[in-house]
Structure formats: structure tokens, C-alpha cells
Amino acid sequence: MIVDLHLHSHFSRATSSSMDLKHMYQWAKLKGINVLGTGDFTHPEWFEEIQQNLQPAENGLYQLKPKIAQKIDKEMPASYRSNKLRFILTVEISNIYSRGGQVRKLHNVVIAPDLKTVSKINAKLDEIGNLQADGRPILGLDSEELLKIVLNADKRAMLIPAHIWTPWFAMFGSKSGFDSIKEAFGDLASEIKAIETGLSSDPFMNWRLSQLDNVTLVSNSDAHSPYKLGREANIIDVDYDYDQIIEAIRTNDDRFVGTIEFFPQEGKYHYDGHRKCDVCFSPKETHQHKGICPKCGKPLVLGVDYRIDQLADRPADYKPKKHKKVEYIIPLPEIIAEVEGVKGTRTKTVQTKFKKMLESLGDEFSILRQTPVAEIEEAGFPVMAEAIKRMRSRQIHIQPGYDGVYGEIKLFANKDELDKFKGQLGLGF
């Protein structure tokens, strides 16, 4: 099954107003996700919405109440209406505190097995900070203390350090992080069984650190809008059961198959640079400039690639002899936008073709990962078939992201190449 644990509700800042449970349900089915985090369970109003709209399903999982689900299903194409979706209780918490004479800013994802456990965690955190201000609460609480609170509420609950390499808010972030899990979580470091790699890194980059050898590398979307769900996700071979999902993550055994990844260069903190100065550097270029922006003379924002190089004890080309499955995808609307030659994935052109492909071929993950290229072509999408073929074989053209600017991953070198391919097919352009 495909599992996405980290996302946000409409109560989080800079989040779409449509990030409610109904739209999450609809888009998760459309994409082919099987288990989806609720996000933001610490927010009182969102927790109330969770209780009003969800009901218990399998062990530790929840489903949208049938009356609500049936109404949504009727409006969906049969090709993905039957996809089974369950929710799991999750939240991301922003911990800002002082440790070792330095201000630390860490984001952590918490997963809980039931509403009772959530209530315990919320009651404790409500004594520490304002849970109503943001769906992702900002608390002056040491991450180690948060972990204690989570485990005291229920041993089945889990804490996963979020997007651990992000410069500003992460365990290994270049601006305020630590150099090891032990530094960050002290005596409870052994309770950290998994870390989230984030959009700007992939498992291969993280496997360069031997300290992460016994830690499961998970990937999640951190979605702030429904159509971003599943842009990264986990592949887990278990039944619909909270304990099986969590145990697969904790143990990193064969049940945890692997992850579905952004190309890490597309992440907005992959390389170093200054957005305002339009400066984007590789780690090598940053070293050459001694970490200083050549335009403004201020220190560069050091990205994930640079920070991994600082902490890694293995070479850049290191690959474990045996490792988890790593699949790279480009979201279907992004591919359509490139093929159609339009800017933005929310344009009418992109959304119309997106809908047609889903109606013809099924959910998004099936199209990107499994549907035979010949079948996509036969359905009337020959250029998309070629683009998806290139994506699967990693024939890509890269402009890395930096300092909050998303990178660009292209499947055709330029418009001329795309037009030439369309011409060979006898298509107008």
C-alpha cells in the first residue's frame, strides 16, 4: 500500500482552504493513496472535525463516515472510485528551543494509534503553548521532551524527525540543527526508529551517513493543498492495520518496501544560494566562494546537498549492496504542463487533460508507476507516453532548487525537441 503520513489541514498557515477531510479523501483516491495522515491533530477545531467526519475502521485506522464518502464516490470515475482509503492520526510540531548555547528549530511528525492517545498528547501540549494559533503548533519545547510526552501517552505512538535536512527547521539543518540523532534526542535517541528525508534529499544521499544505517528512511508529501498529496510517499506491504504499519517502519524489515521520491534536485533547498540575488551554487562552487554570496557579500543559505556532504562519512557515489526500493516520479500535472507548453499546473489546459487521463487510465500513481507505456499511447496520449517512459528511465534535464526556490525537472531538453517529437507523430504544435 501507499502511505503518506505528513501533511496539513486548512488550519495550518500557508495552506489551501480546501485541505479538509472531504477533499483529502477525494484527492487521495484520485492519486491512488491507501493510508493518509490527518495532519494537525493538535489543533482543537481540526481535532473536532476529525471526530465529526471520521469513524474507526481497522485497528488504529479511520475512515470517512459512509454517508459523506458515498456522496463523494458518486461524483468520481469508476476507474479510481473503488480505491480504499484510510486515515491515520498525525501532526507536525515545530519545536523551537535552546540547547548547547544555540537556538534549535526542529520539526517533528507525531503518529498516534487512537483518539484517546491524541487527547492525552494535546492536553499535555496545551499546558506548554498555544495549540489554536496554527495547525502546526510552534512550541518552546525540547524535541527530547516532546518524545517523552508522546511515549508516555502511548508506547504505540511514534515520533519521526521531519525533513531532517531543511536548512531552517530540521534536525540536521544547516541553520539550527544537530550533527547526530544522539545530540538531538539524548538518552531517548534509540527511540528514533525513522527519519523523514524531505523533498530535497533522497535515500541514496542519506545512506552516505553510517549513523542512519539502522534508521528507516521515510518520505511524505508535507502537502499544503490536496493536489500535492503523495508527491512523496512510502510503499509498505502490510494489511490495513496501524500496528503493522508502524512496526514495518520501526523495524525496517521486508514489509517496508521503499519510497516514492521527488527527484531531490526539484526540492527547494537542494543546492546553496540566495534567492534575492539569483545565485544558485553547487557545494563545489560554494566552497570556491567560501560560502559567501558574490553579489551581496552575505553568507549563502547552505542547502541539503552541502549539509549532507559535511556530515557524510561515505563518498557521494556510495550505494548499499542491498537497499530499499527507490522510485522517482514527477507529478502527472507537471508532466502535462511541460508537454502542453503551459506554465502552472492549475491551468484549465492541464486540469482538463489530467481529468481525461484519470478517467481513461485510472489513478495517478498507477499511470506514473505501472500502466504500460503502450497502453497510455493507445488511450490517446502518445506524447505523455513518451514523457512517462523518460521519467521511468530517469532521462531528465535538471535545474536544481535553492534557497526556497523549487528546481525544475524537464523530460524534453527544450521546446524544439518537444516540437520535433510531436511532429514525428504528426501532431500539431
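Just above, that's the structure.
Computed from a predicted structure; not experimentally measured. (Residues numbered from 1 in each chain as written. Predicted model: local features only at pLDDT ≥ 70, side-chain atom pairs only at ≥ 80, totals over all residues. Heavy atoms only, no water.)

J.: A description of the packing of aromatic side chains should follow, citing residues and the corresponding values.
T.: The full count for this structure, using the stated rule, is seven aromatic pairs. Aromatic pair phenylalanine 412 and phenylalanine 421: ring centres 6.1 Å apart, planes at 45°, arrangement tilted. An identical accessibility class is assigned to phenylalanine 412 and phenylalanine 421; each is buried. What links up through ring pairs into an aromatic cluster is the set Trp27, Tyr227 and Phe354. Note that lysine 84 overlies the ring of tyrosine 240, its terminal NZ or CZ placed 4.3 Å from the centroid. Across from the ring centre of phenylalanine 204, 5.6 Å away, lies the NZ or CZ of lysine 319, which sits over that ring. (Phe/Tyr/Trp six-rings, centres within 6.5 Å; stacked < 30°, edge-to-face > 60°. Buried < 20%, exposed > 50% of the residue type's maximum accessible area, 1.4 Å probe, protein only. Lys NZ or Arg CZ within 6 Å of the ring centre and 35° of its normal.)

J.: Talk me through the pattern of salt bridges; I want residue IDs and the actual numbers.
T.: Overall, the coordinates contain 21 salt bridges when judged by the stated rule. The partner of arginine 86 in a salt bridge is glutamate 58, with the nearest N and O atoms 2.7 Å apart. Here glutamate 58 lies in the loop between β3 (54-56) and β4 (62-64) and arginine 86 lies in strand β5 (residues 86-99), a separation of 28 residues in the sequence. By relative accessible area, arginine 86 is classed as buried at 12%. For the salt bridge of arginine 314 with aspartate 213, the shortest nitrogen-to-oxygen distance reads 2.7 Å. Highlighted residues: arginine 314 in the loop between α11 (304-311) and β15 (325-328) and aspartate 213 in the loop between α8 (203-206) and β10 (216-218), separated in sequence by 101 residues. Relative accessible area serves as the criterion here: at 38%, aspartate 213 is assigned to the partly exposed category. (Salt bridge = Lys/Arg side-chain N within 4 Å of Asp/Glu carboxyl O. Helix = DSSP H or I, 4+ residues; strand = E, 2+ residues; numbered from the N terminus.)

J.: Give a detailed account of the pairing of β5, specifying residues and quantitative values.
T.: In terms of burial, β5 is a largely internal element, 11 of the 14 residues being buried. Pairing between strand β2 (residues 35-37) and β5: three bridges, direction parallel. Within β5, the position partnered with glycine 37 by the bridge is isoleucine 88. Here β5 pairs with strand β6 (residues 102-112) via 11 bridges, running antiparallel. Its bridge partner lying in β6, isoleucine 93 is registered against asparagine 108. Counting the residues that bridge the hairpin from β5 to β6 gives two residues, and of these glycine 100 lies at a positive phi of roughly 65°. Sheet analysis places β5 next to strand β7 (residues 138-139), joined by two bridges and oriented parallel. Bridge pairing links serine 94 to isoleucine 138 in β7. (Pairing = 2+ DSSP bridges.)

J.: Any details on the layout of surface pockets? Residues and values, ideally.
T.: Volume-wise, the largest pocket comes out at about 800 Å³. Sorting the residues of the lining of the largest pocket by element identifies α12 (332-340), β17 (408-410) and α17 (415-424) as the ones contributing at least two each. A total of six residues in the lining of the largest pocket trace back to one element, the largest contributor, which is α12. Tallied by class, residues from the lining of the largest pocket come to 13 nonpolar, five polar and 11 charged. Of the volumes computed, that of the second largest pocket is approximately 670 Å³. Residue lining of the second largest pocket: 30 residues in total, with Arg136, His163, Asp222, Lys268 and Tyr269 positioned closest to the centre. Here the lining of the second largest pocket is built from residues that sort into nine nonpolar, 13 polar and eight charged. (1 Å grid on protein atoms, 1.4 Å probe; cavity = no way out; pocket = protein on both sides within 12 Å on 5 of 7 lines; lining within 4 Å. Points joined across faces, edges and corners; volume = space filled by probe spheres on them. Nonpolar A, V, L, I, M, F, W, Y, C, P; charged D, E, K, R; others polar.)

J.: Any details on the nonpolar core? Residues and values, ideally.
T.: Residues Ile181 and Ile335 are the most contacted members of the largest nonpolar core, which totals 108 residues. The residues contacting isoleucine 181, other than those within four sequence positions of it, are Met171, Phe172, Gly186, Ala189, Ile192, Ile195, Gln211, Leu212 and Val215. Counting 22 residues, the second-largest nonpolar core is a separate cluster that includes Val3, Tyr240, Ile245 and Ala248. (Core = buried A, V, L, I, M, F, W, Y, C linked by side-chain atoms within 4.5 Å. Contact = heavy atoms within 4.5 Å.)

J.: Tell me what's going on with the packing of helix α1 (residues 21-31) against helix α3 (residues 66-74), and back it up with residues and numbers.
T.: Following both chains from N to C, one finds α1 and α3 inclined at 50°, their axes separated by 10 Å at the closest point. When the interaxial angle is binned, α1 and α3 end up oblique. Between α1 and α3 lies a crossing of right-handed hand. Side by side, α1 and α3 meet where Lys22, Tyr25, Gln26 and Lys29 of the first sit next to Ile68, Ala69, Ile72 and Asp73 of the second. Classifying every residue of the contact of α1 with α3 by side-chain character gives four nonpolar, one polar and three charged. (Axes fitted to C-alpha atoms, helices over the stretch in contact; angles between N-to-C directions. Parallel < 35°, antiparallel > 145°, perpendicular 65-115°, else oblique. Left-handed = near helix turned anticlockwise from the far one by under 90°.)

J.: How would you explain empty space enclosed by the protein if you had to name every residue and give the values?
T.: Counted by the stated rule, this structure contains two cavities of 30 Å³ or more. The computed volume of the largest cavity comes to approximately 170 Å³. Along the wall of the largest cavity there are 15 residues; nearest its centre are Lys31, Tyr227, Arg231, Pro331 and Glu364. Elements that contribute at least two residues to the lining of the largest cavity include exactly α12 and α14 (364-369). The element contributing the most residues to the lining of the largest cavity is α14, with three residues.

On their own, these measurements won't tell you what the molecule is for.
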